[in-house]
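For reference, the chains in residue letters:
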Amino acid sequence: MSEPKYQIRALHTESTVTVYQAYAQEIGLPAAREGRFPAVWKRDRMTWIKPSFLWMMYRCGWGTKEGQETVLAVEISRDGFEWALENACLSHYERGLHADRAAWKHQLRKAPARVQWDPERDLRLQPLAHRSLQLGLAGEAARLYADEWTVSITDVTPLAHTIHAHVRDGDLDAARQLLHSERPYPVNDQTLNHLLR
């Protein structure tokens, strides 16, 4: 059975959801050590969180790109995640979905979160037919994420490197066994429709 084109998939518990980010070591290492983002983490800038581990690997090159050498698994509260979803706006204008470009821009200015749907990736980081959610947090949402929603921060760079080594060796089964179980995240149809607009 094929995956729905638009679906949030994530590692989640009854109270938390795990998202991924990659940072330079001067931010990533203290964040993982302290379990919270350090003061140098700019709370007034847009930050993008990704529930898909493999999309994060595509973005950071398995933790090898400059400034993205430390891969973090950030466990946040589901309440916070769902607040961001409910207050999000599509990051780009879609003819037919928005009344007009001006209406979309007005919505975008007010929204503390941005939604982007990008092709999900396989273990070789090739695009798949279904989409993966990226969630941009700005202003109030970024501050809440850093200082209130975050439950734990784990450095998963060694895991990324190990999975990548298996992929390079052609042992996709071994690589797949190390992936976190990303299951469909329960959102109602109204929320999902909102995320597509």
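First, a word on scope: everything that follows refers to the structure included in this document. Please read all numbers here as calculations on a predicted model, not as lab measurements.

With that out of the way, let us pick up the environment of Arg-124. For Arg-124, the position within the fold is in the loop between β6 (113-121) and β7 (127-137). In this structure, the C-alpha to C-alpha distance between Arg-124 and Val-167, residues 43 residues apart in sequence, is 6.9 Å. Every residue in contact with Arg-124, bar those within four places of it in the chain, is listed here: Val-167 and Leu-172.

One pass over the structure, following the stated rule, counts nine aromatic pairs. Between Tyr-6 and Trp-117, the ring centres sit 5.3 Å apart and the planes meet at 80°, which makes this aromatic pair edge-to-face. Placement of the pair is Tyr-6 in the segment before β1 (9-10) and Trp-117 in strand β6, with a sequence separation of 111 residues. Tyr-6 gets classed as partly exposed once you look at its relative accessible area, which sits at 30%. When its relative accessible area of 7% is taken as the criterion, Trp-117 is described as buried. Members of the aromatic cluster, connected to one another through ring pairs, are Tyr-23, Phe-37, Trp-41 and Tyr-145.

With that settled, the discussion passes to the sheet that holds strand β2 (residues 16-23). Ordered by their spatial adjacency, three strands build an open sheet running β2-β4-β8, and the pairing between neighbours is antiparallel. Strands at the two margins of the open sheet, each flanked by one partner only, are β2 and β8 (150-155). When strand polarity is set aside, the average angle formed by the axes of neighbouring strands in this sheet is 25°. Where strand β4 (residues 70-77) lies against β8, five bridges are found, and the strand directions are antiparallel. Each bridged residue has a counterpart across the sheet, and for Ile-76 the counterpart in β8 is Thr-150.

Attention now moves to the side chain of Thr-18. Relative to the helices and strands, Thr-18 resides in strand β2. Each residue touching Thr-18, except ones within four places of it in the same chain, is listed here: Ala-10, Leu-11, Pro-51, Ala-73, Val-74 and Glu-75.

Turning to the pattern of salt bridges, a few remarks are in order. The final tally for this structure, using the stated rule, is six salt bridges. Across the pair Arg-176 and Asp-173 runs a salt bridge whose closest N-O atoms are separated by 3.2 Å. Of this pair, Arg-176 and Asp-173 both sit in helix α7 (residues 172-178), three residues apart, which is roughly one turn of that helix. It is possible to trace a salt-bridge network through shared partners that takes in Arg-36, Arg-43 and Asp-147.

Moving on, we get to helix α5 (residues 140-149). Every buried residue belonging to α5 is among Ala-141, Ala-142, Leu-144, Tyr-145, Ala-146 and Trp-149, and all of these are buried. For α5, the elements touching its buried residues are β2, β3 (47-49), β4, α3 (78-86), β7 and β8.

On to the pairing of β7, then. Sheet analysis places β3 next to β7, joined by three bridges and oriented antiparallel. Looking at the pairing, Ile-49 lines up with Leu-135 of β7. Note that β6 and β7 share eight bridges and pair antiparallel. Considered in β7, the bridge of Pro-119 is made with Arg-131. Where β6 folds back on β7, the antiparallel hairpin that results is connected by five residues, among which Leu-125 adopts a positive phi of roughly 65°.

Taken as a whole and assessed by the stated rule, the structure comprises one cavity of 30 Å³ or more. Put simply, the largest cavity is a space of about 30 Å³. Gln-7, Arg-9, Pro-51, Ser-52, Glu-120, Arg-131, Ser-132 and Leu-133 are the residues that line the largest cavity. Examining the composition of the lining of the largest cavity, we find that three residues originate from one element, β7, more than from any other. Grouping the amino acids of the lining of the largest cavity by side-chain chemistry returns two nonpolar, three polar and three charged.

Conventions adopted
- Residues numbered from 1 in each chain as written.
- Predicted model: local features only at pLDDT ≥ 70, side-chain atom pairs only at ≥ 80, totals over all residues.
- Heavy atoms only, no water.
- Helix = DSSP H or I, 4+ residues; strand = E, 2+ residues; numbered from the N terminus.
- Contact = heavy atoms within 4.5 Å.
- Phe/Tyr/Trp six-rings, centres within 6.5 Å; stacked < 30°, edge-to-face > 60°.
- Buried < 20%, exposed > 50% of the residue type's maximum accessible area, 1.4 Å probe, protein only.
- Pairing = 2+ DSSP bridges.
- Axes fitted to C-alpha atoms, helices over the stretch in contact; angles between N-to-C directions.
- Salt bridge = Lys/Arg side-chain N within 4 Å of Asp/Glu carboxyl O.
- 1 Å grid on protein atoms, 1.4 Å probe; cavity = no way out; pocket = protein on both sides within 12 Å on 5 of 7 lines; lining within 4 Å.
- Points joined across faces, edges and corners; volume = space filled by probe spheres on them.
- Nonpolar A, V, L, I, M, F, W, Y, C, P; charged D, E, K, R; others polar.

Everything listed here is a matter of coordinates, which is why it stays silent on function.
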